[in-house]
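# Architecture and fold: a report
Each chain, letter by letter, is given below.
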Amino acid sequence: GAVAFIDGKPATRAEGAAIVQQREIGRLAVDGNQFDMVQLLLPNVDSFAIDACLPAAIRSGNAPIVELLLRYGASAAQTPDGQDAFRQACAVHGQSHMVSLILRAEGRPPASLASAAMCDAARAGCLDTVLHLSRSTADGNHNHAEALKAAISLGRRDMALAIVMGNRPPQRPGLDEAFQILYDHPSLNPTMKVEVAELLLCAGADGVVLAQALEKSCESQFLDMATLLASHGASVEYNDATTLKTAIARGEMDLVRSLLHDG
């Protein structure tokens, strides 16, 4: 087990036994969701025990005890179990308030943990938790914009917006890859596709993926998407200007004007 310390010095055997007993009693109180008992014990429990108690409180969803432990200096980042419990909480609906408490505490998770947790929250569809994480230190570009891609795969414009508007928004090429996922999505209705496409374009999606989407949109008569892409600078010269040639051959003058003027 870990060596117990008192005022920076190794504890005697008797002192060590007392500390171990305090830690065990603290864990039992947390496991039993006994707020008053935890409050009574905390002033006499060392920081290691406080950190060790936090994962159980997080997993039980007991926000008052979590808040109390955080007030006494508990950190979800100090132990692997605490990090795991935090990520699990981020993927559970209804735990956003507790997540926000942890993110505001002095011992808040590091950016790398918050970023991975935002991916977990996005995959689980937990909008409020995604909002809290995106407004803290979570990096929207983590793992090639994984959280954004997860939100788009679920057809969640609200989560995508929260991630794009976060403190550390996703960047290219993750944005371009997210646009491709959106365009190829098999079940999103056209109106939603256009709305989310505009969000990604405003966030900075660019490059050949837009030119390819423009060409496909013209071929399939998805004119709202084609016009949007042209207005955001998608290249009409891609693939020997096939898009423009096809629009001219079909006599689609409004689209031709849009391609020539906006593109």
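On a predicted model such as this, the values are computed, not experimentally measured, just so you know. (Residues numbered from 1 in each chain as written. Predicted model: local features only at pLDDT ≥ 70, side-chain atom pairs only at ≥ 80, totals over all residues. Heavy atoms only, no water.)

### Some thoughts on the pattern of salt bridges
- Applying the stated criterion across every chain, the model contains 13 salt bridges.
- For Asp-120, the salt bridge identified is with Arg-123, shortest N-O distance 2.6 Å. With Asp-120 and Arg-123 both in helix 7 (residues 111-124) and three residues apart, this pair spans about one turn of that helix.
- On the basis of relative accessibility, which here comes to 11%, the residue Asp-120 falls in the buried class.
- For Lys-245, the salt bridge identified is with Asp-240, shortest N-O distance 3.0 Å.
- Linked by salt bridges that have partners in common, Arg-87, Asp-120, Arg-123 and Glu-146 make up one network. (Salt bridge = Lys/Arg side-chain N within 4 Å of Asp/Glu carboxyl O. Helix = DSSP H or I, 4+ residues; strand = E, 2+ residues; numbered from the N terminus. Buried < 20%, exposed > 50% of the residue type's maximum accessible area, 1.4 Å probe, protein only.)

### Things to note about the nonpolar core
- The biggest cluster of nonpolar side chains holds 79 residues, and the ones touching the most others in it are Phe-86, Leu-133, Leu-148, Phe-179 and Leu-200.
- The element contributing the most residues to this core is helix 7, with seven residues.
- In this view, Leu-148 contacts Ala-160, Ile-163, Val-164, Pro-170, Leu-175, Ala-178 and Leu-200; residues no more than four positions away in its chain are not counted. (Core = buried A, V, L, I, M, F, W, Y, C linked by side-chain atoms within 4.5 Å. Contact = heavy atoms within 4.5 Å.)

### Thoughts on the side chain of Thr-129
- Tracing the sequence through the fold places Thr-129 in helix 8 (residues 127-134).
- Contacts of Thr-129, omitting those with residues within four sequence positions, involve Cys-90, Ser-96, Val-99 and Ala-121.

### Topic: unusual backbone geometry
- Put simply, Arg-172 and Pro-173 share a cis peptide bond, and its omega is 5°.
- Within the chain, His-144 stands out as a residue other than glycine whose phi angle is a positive 60°.
- Looking at where His-144 falls in the secondary structure, it is placed in helix 9 (residues 142-153).
- His-144 gets classed as exposed once you look at its relative accessible area, which sits at 51%.
- With phi around 65°, Gln-221 is a residue other than glycine that occupies positive phi space.
- Along the chain, Gln-221 falls in the loop between helix 13 (208-219) and helix 14 (223-231).
- For Gln-221, a relative accessible area of 40% gives the class partly exposed.

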